[in-house]
2 protein chains.
Amino acid sequence: MHICSTDIENLNKLTRVNLINSLSGFKSANLIGTKDKHGQENLSIVSSVFHIGANPPLIGMIIRPHSVPRHTLENIIETGSYTINHVNADIFEQAHQTSARYDKNISEFDAVGLQAEYKGTFTAPFVLQSKLKMAVKLVSTQTIELNQTELVIGQITDIFLEDELAYCHDGFVDLERLNTVALSGLDKYHTTTAIARLSYAKCDKPLSHIETSPKSEA
Amino acid sequence: MHICSTDIENLNKLTRVNLINSLSGFKSANLIGTKDKHGQENLSIVSSVFHIGANPPLIGMIIRPHSVPRHTLENIIETGSYTINHVNADIFEQAHQTSARYDKNISEFDAVGLQAEYKGTFTAPFVLQSKLKMAVKLVSTQTIELNQTELVIGQITDIFLEDELAYCHDGFVDLERLNTVALSGLDKYHTTTAIARLSYAKCDKPLSHIETSPKSEA
């Protein structure tokens, strides 16, 4: 089956949005926690969080223009800080519900039934029910001129892992143990089943499977 | 368990790479097919392909500096065109093996045992064994100055879907039907199991589950 440029252009808006959103493959599902300078909380699901680099530890996300998570972007720019919280299978419906267009003076935490958690001196709220959460410091925002989306890059300053056994001997985090979900398209949520962890690929050596054990048992 | 900035800095390189690569959540797994101007093929697995926008249909990816897939970036800039091919559970080992540092004059297709497929007038090679593949036209490259990675943005011009029943009534593509895999960390591959597709979230209405049927049966 071949869908060409003209076919894509001629699709109705919703069909095109569903189709194109499916093409990148599986996506991460994260909740972005922020607060404005007056203390108003905001929580927003984002499916475009991606790894940029390990040293310094940089993480990026795409924020759409003039769409729901715009309060998130305003708050991040206003305060320079935010949290990223993995969505797990116990909270995926509440997480999805944060994408509704709530007024700015409504906290999505309250509206969807998730609990804001404050840790140490961090001003941005974490999600209590999430099992892997990060404090992130804004590093840069840049507009992608082609469609006016915003690329937001932050540096991970702190990692909170609610299950120590998910932290493995070589630094790998076992997302399945945390029940972290994957997203496809705009709105489908999935749990995962491991096939294998593969060794570092070399030209002259066959791949082997890596067995992973918790760091705390090492 | 709390891992702070100083802890992250003090980790050995490999542990830090494994840890930070785990934090964004599940990732897409795609093979990027290119050719240089002399006709030399290249194939490279990339875990950072992400959706940017549906209209125009834009897709992004992060290419690391001076690392294995650099031939990919050179070829994309040289020819302006590339293919993106979903990795499925039947070819994840071959796909992973493309990350080995093969010389430029070696085609990763031959080295790992995948078959290059040419379609119509497209110069870049597709992966025969992939069930969802796209022809992409380069739109822009920009260096992320913070760590010298490259953000590559392309426009999807053509979509090839090997199983028509995966294309659903509302444009959604059923990635599970295609056996598309998800990645976590640097090197762990997963199949997925659907939990649910959720309706568009509204402030004043509870979510419902969307039942998806193939477009061809509509």
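The structure this text deals with has already been given above.
The sections below set out a description of the structure shown in this document. All of these numbers come straight from a predicted model, not from anything done at the bench.

Notes on the relation of the copies chain A and chain B
Next up, step 1: Superposing chain A onto chain B takes a rotation of 180° plus a shift of 0.0 Å along the axis, which leaves an RMSD of 0.0 Å. Each copy turns onto its partner about a two-fold axis. Distance from the rotation axis, computed per C-alpha, reaches its smallest value in chain A at Thr192 of chain A: 2.1 Å.
Next up, step 2: Mapped onto chain B, 100% of the interface residues of chain A again fall at the interface, so both copies present the same surface.

Here we look at the pattern of salt bridges
Next up, step 1: Within the structure shown, the criterion is met by 16 salt bridges over all chains.
Next up, step 2: Here Asp170 of chain B and Arg197 of chain B are joined by a salt bridge, their closest N and O atoms 2.9 Å apart. Here Asp170 of chain B is found in the loop between β11 (149-161) and β12 (182-184), whereas its partner Arg197 of chain B is found in strand β13 (residues 188-197), with 27 residues between them in sequence.
Next up, step 3: Within the structure, one salt-bridge network assembled from shared partners comprises Glu117, Lys119, Lys133 and Glu162 of chain A.

Points about unusual backbone geometry
Next up, step 1: Cis geometry marks the peptide bond from Asn55 of chain A to Pro56 of chain A, where omega comes out at 0°.
Next up, step 2: One non-glycine residue, Gln148 of chain B, lies in the positive phi region at around 60°.
Next up, step 3: Under the relative-accessibility criterion, Gln148 of chain B is labelled partly exposed at 40%.

As for the side chain of Asp174 of chain B
Next up, step 1: Inspection of the secondary structure puts Asp174 of chain B in the loop between β11 and β12.
Next up, step 2: Despite its burial, Asp174 of chain B pairs with no opposite charge; the closest candidate is Lys188 of chain A, at 4.4 Å N-O.
Next up, step 3: Those residues in contact with Asp174 of chain B that sit more than four places away from it in its chain are Lys188 of chain A together with Ala166 and Cys168 of chain B.

A short note on the pairing of strand β3 (residues 30-35) of chain B
Residue and element names in this part refer to chain B.
Next up, step 1: Burial within β3 is extensive, with 5 of its 6 residues counted as buried.
Next up, step 2: Counting the residues in the hairpin turn of β3 and strand β4 (residues 41-46) gives 5 residues, including Gly39, whose phi is positive at 95°.
Next up, step 3: Inspection of the sheet shows β3 paired to strand β7 (residues 81-86) by 4 bridges, in the antiparallel sense. Counted as the bridge partner of Asn30 is His86 from β7.

Thoughts on the packing of aromatic side chains
Residues and elements named next belong to chain A.
Next up, step 1: Scanning the entire structure with this criterion turns up 9 aromatic pairs over all chains.
Next up, step 2: When the ring of Phe92 is compared with that of Tyr189, the centres are 5.3 Å apart and the planes differ by 50°; the resulting orientation is tilted. Within this pair, whereas Phe92 is found in helix α4 (residues 92-97), its partner Tyr189 is found in strand β13 (residues 188-197), the two being separated by 97 residues in sequence. The pair Phe92 / Tyr189 is uniform in exposure class, with both members buried.
Next up, step 3: Among the aromatic residues, those joined into a cluster by ring pairs are Phe122, Phe126 and Phe160.
Next up, step 4: Lys119 extends its terminal NZ or CZ atom over the ring of Phe160, reaching a point 4.4 Å from the ring centre.
Next up, step 5: Lying over the aromatic face of Phe172, Arg197 brings its terminal NZ or CZ to 4.3 Å of the ring centre.

Considerations on the sheet that holds strand β12 (residues 182-184) of chain A
Next up, step 1: Strand order across the open sheet formed by 6 strands is β2(A)-β12(A)-β13(A)-β13(B)-β12(B)-β2(B), with antiparallel pairing between neighbours. Each edge of the sheet is formed by a strand with only one pairing partner; in this case those strands are β2 (27-28) of chain A together with β2 (27-28) of chain B.

How each quantity is defined
Residues numbered from 1 in each chain as written. Chains lettered and ligands numbered in written order. Predicted model: local features only at pLDDT ≥ 70, side-chain atom pairs only at ≥ 80, totals over all residues. Heavy atoms only, no water. Least-squares fit on C-alpha atoms with pLDDT ≥ 70 in both. Contact = heavy atoms within 4.5 Å. Salt bridge = Lys/Arg side-chain N within 4 Å of Asp/Glu carboxyl O. Helix = DSSP H or I, 4+ residues; strand = E, 2+ residues; numbered from the N terminus. Buried < 20%, exposed > 50% of the residue type's maximum accessible area, 1.4 Å probe, protein only. Lys, Arg positive; Asp, Glu negative; His and termini not counted. Pairing = 2+ DSSP bridges. Phe/Tyr/Trp six-rings, centres within 6.5 Å; stacked < 30°, edge-to-face > 60°. Lys NZ or Arg CZ within 6 Å of the ring centre and 35° of its normal.

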